[in-house]
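Listed below, chain by chain, are the residues.
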Amino acid sequence: MDWPTMAAMATLLLMGMVAVYSAVNPSGASLRFMLKQLVAIGIGAIAIFVLSSLNYQIFRAYPWIIYALTLLLLAAVLIIGKRIHGAKSWIVLGPLSIEPVEIARIGFIMVVAAILDHPEREMRPIHWMATVFALGAVHMGLILREPYLGGTLVYVPIMLTMLYFSGVPPIYLLAVIFYGGVAVGIPLISTYFSMQPQLLNLHPLALFLVSSAAGTRSAIELLFFSTSIIFGLWWFIRKLQVRLPWQYPGFLSLIVALGVYTAHLILHLIKDYQRKRLVVFLSPGFDPLGAGYHILQSQIAVGSGRLFGKGLFSGSQTQLGFLPEKHTDFIFSVIGEEMGFLWASVVIIAFAILVWRAFVIATESQDRFGSLMAVGIGCLFGFQCVMNIGMTLGLLPVTGVALPFVSYGGSQVVSAMIAIGLLQSVNFRRYIY
């Protein structure tokens, strides 16, 4: 048993129980919330025992069955799911509610690890990248239909990290990151200035980018200018006696073109309120009673806790109902306000230990499949932690990403503990293969 991992998980679960109890106390239904959370922890503990006892290579043999099951889950929630807070993300079965996205992500990590389980000398970067991103795109498309933007964000770092550790050259991954920057950056700029249209006249370049994302003649002009600049730089570098094939600037120009086209699709695919959430964190004061309300109240809560906190059941933002979604998305704000900086630091340290141990298990594993699966799980925990804590501090946009083990929610607790069970299974058998 990897005891540092278990200790970090137990610390997070305990702190989550305490914080959730304090957060829901004003509602008078704290016992009901605690009972559901304890049931989820019990199911998760059974999952850890079962999965750590099983040979994880079983999952290596059936990747496409696992992927088909994840698609079935994501499709089922669109058909029979219950709409809550505007998103159709839960399947309600009597007193139980299941969020398939949480389980599907674990299955996706298994599938990608199985696909990339080939000797590095056999790796064909373009082929494997196309396969992994195509599988991820199907998942992300179904999740966006709910719509649940936060559920899709974790897929990109998972795919990039697993591809990197599988041996794909970094230059290919940098090209993907550049493409993503163009595809996402233009819609964000467009949304930011749509909230303050008076600034467009002061920033001609922003007006040009906003127009290009709308699919007008500016899009063609943007592609022409960017291609001219790219090939101009290539010509200049060649004059410096640096050998650089023409395929490089051609490939870069193609990435820009695909990025602009994708930006146009994103503008129509992502809901307006979701795009506002992504940009309002830059200046939440623009919409203090709307999209910026969550961030402002969370910053007040965390900042007022100072070093030792105000004490359990004594946080003004938490107990008086100013802090929204305090037992789920903004549970870290409750910890910051009522327990202070010291206990908030314990949460961050516990997540750091989880991610560290996941990558240690990955490096010690003699099996490529187990190693890649551990890398994916470590990236999952790390990215969710950064996204959730970042949004509560106003450093990142509000995306609805839960804090694993800590936030209230049976599905996220069980899926996170399933991931721990898989890590332990890899750790148990690190000297076998």
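None of these values were measured; they are calculated from a predicted model.

Chemist: Could you clarify how one ought to interpret the nonpolar core in this entry?
Modeler: Here is a general trend for soluble globular proteins: nonpolar side chains tend to be buried in one another's company. Counting residues in hydrophobic clusters, the biggest one holds 96 residues, and the most contacted among them are Met162, Met373, Phe405, Ile420 and Leu422. When residues in this core are grouped by element, the largest group, 12 residues, is from helix α18 (residues 368–392). When sequence neighbours within four positions are dropped, the list of residues in contact with Met162 reads Ile109, Val112, Ala113, Leu116, Leu372, Val375 and Gly376.

Chemist: Explain the environment of Gly150 here, please?
Modeler: Within the secondary structure, Gly150 is located in helix α7 (residues 149–153). C-alpha separation for the pair Gly150 and Thr399, spaced 249 residues apart in sequence, amounts to 4.6 Å. Those residues within four positions of Gly150 in sequence are excluded, and the remaining contacts are Thr399 and Val401.

Chemist: Hey, could you run me through the packing of helix α1 (residues 3–24) against helix α19 (residues 410–428) in this one?
Modeler: Each pair of packed helices can be summarised by the angle the axes make with each other and by the distance between the axes. The geometry of α1 relative to α19 is characterised by a closest axis approach of 11 Å and an angle of 170 degrees between their N-to-C directions. Our classification of the angle between α1 and α19 gives roughly antiparallel. On the side of α1, the interface is formed by Thr5, Met6, Met9 and Leu13, while α19 contributes Val413, Met417, Ile420 and Gln424.

Chemist: Just to check I follow, could you spell out a nonpolar patch on the surface for this structure?
Modeler: Together, Ile46, Phe49, Val50, Leu54, Ile58, Tyr62, Ile65, Leu69 and Leu72 line one region of the surface with nonpolar side chains, adding up to about 910 Å² of accessible area. When contributions to the nonpolar patch are tallied by element, the ones reaching two or more residues are α2 (30–53) and α4 (63–80). Given the relative accessible area of 39%, Val50 is considered partly exposed.

Chemist: How should I be thinking about the packing of aromatic side chains in this particular structure?
Modeler: Aromatic rings considered in pairs are described by the distance between their centres and by the relative angle of their planes. Counted under the stated rule, the structure contains eight aromatic pairs. Members of the aromatic cluster, each reached through a chain of ring pairs, are Tyr164, Phe165 and Phe359. Residue placement shows Arg32 over the ring face of Phe33; its charged tip is 4.9 Å from the ring centre.

Chemist: Is there a simple way to explain the pairing of strand β2 (residues 87–93) in this structure?
Modeler: On a regular strand, one side chain projects to one face of the sheet and the next to the other, so that they alternate. For strand β1 (residues 82–84) and β2, the ladder comprises two bridges, and the chain directions are antiparallel. If you follow Lys82 over to β2, its bridge partner there is Trp90. In this structure, the hairpin formed by β1 and β2 is closed by a connection of two residues, where His85 is found at a positive phi of approximately 55 degrees. As defined by bridge partners, β2 adjoins strand β3 (residues 96–98) across three bridges and the pair is classed as antiparallel. Paired with Val92 across the strands is Ser97, a residue of β3. Between β2 and β3, which pair antiparallel one after the other, the connecting turn spans two residues, and Gly94 there sits at a positive phi close to 65 degrees.

What counts and what doesn't
Residues numbered from 1 in each chain as written. Predicted model: local features only at pLDDT ≥ 70, side-chain atom pairs only at ≥ 80, totals over all residues. Heavy atoms only, no water. Core = buried A, V, L, I, M, F, W, Y, C linked by side-chain atoms within 4.5 Å. Buried < 20%, exposed > 50% of the residue type's maximum accessible area, 1.4 Å probe, protein only. Helix = DSSP H or I, 4+ residues; strand = E, 2+ residues; numbered from the N terminus. Contact = heavy atoms within 4.5 Å. Axes fitted to C-alpha atoms, helices over the stretch in contact; angles between N-to-C directions. Parallel < 35°, antiparallel > 145°, perpendicular 65-115°, else oblique. Patch = residues over 30% accessible without salt bridge, like charges linked within 9 Å, V, L, I, M, F, W, Y side chains within 5 Å. Areas by Shrake-Rupley, 256 points an atom, 1.4 Å probe, with all protein chains shown as cover. Salt bridge = Lys/Arg side-chain N within 4 Å of Asp/Glu carboxyl O. Phe/Tyr/Trp six-rings, centres within 6.5 Å; stacked < 30°, edge-to-face > 60°. Lys NZ or Arg CZ within 6 Å of the ring centre and 35° of its normal. Pairing = 2+ DSSP bridges.

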